[in-house]
Amino acid sequence: MRRLASFAVAAGVSRAVYEGLRRWAPEERWLRTNHAGRSVDLYAGPAAALGAAVGTGSGPAALAVLAAGACGAYDDVKGDHRRGFRAHLSALRDGEVTSGSVKLLGIGTASLVAGALLKERPVDKVLAGVVVAGSAHLVNLVDVRPGRAGLAVLALAAPGLLRGSLAAAPVGAVAAVLGDDLGERTMLGDTGAHALGAAVGSAIAVGNGRFGLAAHAAGLIAAAVWGEREARGAQGPGVPGELFAQYPGEREARGAEDSGERDTSSRAHPSG
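The following paragraphs examine the structure supplied in this document. (Residues numbered from 1 in each chain as written. Predicted model: local features only at pLDDT ≥ 70, side-chain atom pairs only at ≥ 80, totals over all residues. Heavy atoms only, no water.)

This part covers unusual backbone geometry. The backbone phi angle of glutamate 184 is positive, close to 60°, even though this residue is not glycine. Positionally, glutamate 184 belongs in the loop between α8 (168-182) and α9 (189-207). (Helix = DSSP H or I, 4+ residues; strand = E, 2+ residues; numbered from the N terminus.)

Another point: the nonpolar core. Counting 50 residues, the largest nonpolar core has Val65, Leu188, Leu196 and Ala198 as the members making the most contacts within it. Excluding residues within four positions of it along the chain, valine 65 makes contact with Ala49, Ala52, Ala53, Ala195, Ala198 and Ala199. (Core = buried A, V, L, I, M, F, W, Y, C linked by side-chain atoms within 4.5 Å. Buried < 20%, exposed > 50% of the residue type's maximum accessible area, 1.4 Å probe, protein only. Contact = heavy atoms within 4.5 Å.)

Glancing now at the pattern of salt bridges. Under the defined criterion, the tally for this structure stands at 8 salt bridges. Among the salt bridges present, the one from aspartate 180 reaches arginine 15, with a minimum N-O distance of 2.6 Å. Of the two residues, aspartate 180 is situated in helix α8 and arginine 15 in helix α1 (residues 2-24); the sequence distance between them amounts to 165 residues. Here arginine 38 makes a salt bridge to glutamate 184, at a shortest N to O gap of 3.4 Å. Here the residue arginine 38 occupies a position in the loop between β1 (31-33) and β2 (39-41), and glutamate 184 occupies one in the loop between α8 and α9, the gap between them amounting to 146 residues. Among the ionic contacts, a cluster of salt bridges with common partners joins Arg15, Glu19, Arg22, Asp180 and Arg185. (Salt bridge = Lys/Arg side-chain N within 4 Å of Asp/Glu carboxyl O.)

Looking now at the packing of aromatic side chains. Note on aromatic pairs: each is described by the distance of the centres and the angle between the planes. On inspection of all chains with the given rule, the structure shows 1 aromatic pair. Ring plane angle 45° and centroid distance 5.3 Å describe the contact between tryptophan 30 and tyrosine 43, whose orientation is recorded as tilted. Placement of the pair is tryptophan 30 in the loop between α1 and β1 and tyrosine 43 in the loop between β2 and α2 (44-56), with a sequence separation of 13 residues. With relative accessibility at 23%, the residue tryptophan 30 sits in the partly exposed group. (Phe/Tyr/Trp six-rings, centres within 6.5 Å; stacked < 30°, edge-to-face > 60°.)

Time to look at the side chain of asparagine 140. Structurally, asparagine 140 can be placed in helix α6 (residues 122-141). For asparagine 140, a relative accessible area of 0% gives the class buried.

As structure tokens, then:
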């Protein structure tokens, strides 16, 4: 019963916020161009983030979801062309605060705080924080085409539905906007991808003991390392880097920099 309630609340809030933004938000600030050159909005991101946060019914999980969504929103608005953790950390070392470093530090800190509140033992607290942050990164990492982030959330959250109600929140939030995402009318952006990933990570953290947390953490760290290597390769000469061109403009913008042109539409990169 709690699973159904969590699902319904998350879906209802997500849909209501999405429709509200479509009706009243200033459109020009929320538009991007997708991989097919179509103009789509970013309303699904904040809608899913708010829906998932409310639907969790958990303070620590809601904290992680909202913080991840806020950091993702900042990157959606202020994102730059640099890709990968190393590039953003190098910029931070030189005194430049990039949108990627804001995501890295902001989501990481919020995840560790959430993990500390969700678990009792010190080791489990740290592992839970890694799982929440890693899940937020993973969902954004696969967000390269319409619907992929949402479908990834459904796949990752499905096992958690058998263990508790927390996983129902991201499922409900995704269900509310997935049709519009697949129909290329909207996109989750970094806002929605990171927030939904944090929601899934929170459910995983709550539903697993130390061994399960360690296994999930190891897998997520491996995925992050792979993503970092791909991001670095995508910036090298002759490497398409298509995996990381989440919203069209991203791939075109890299080429445009060399040709003197610039495509202003882009989707934030998962790892930076």
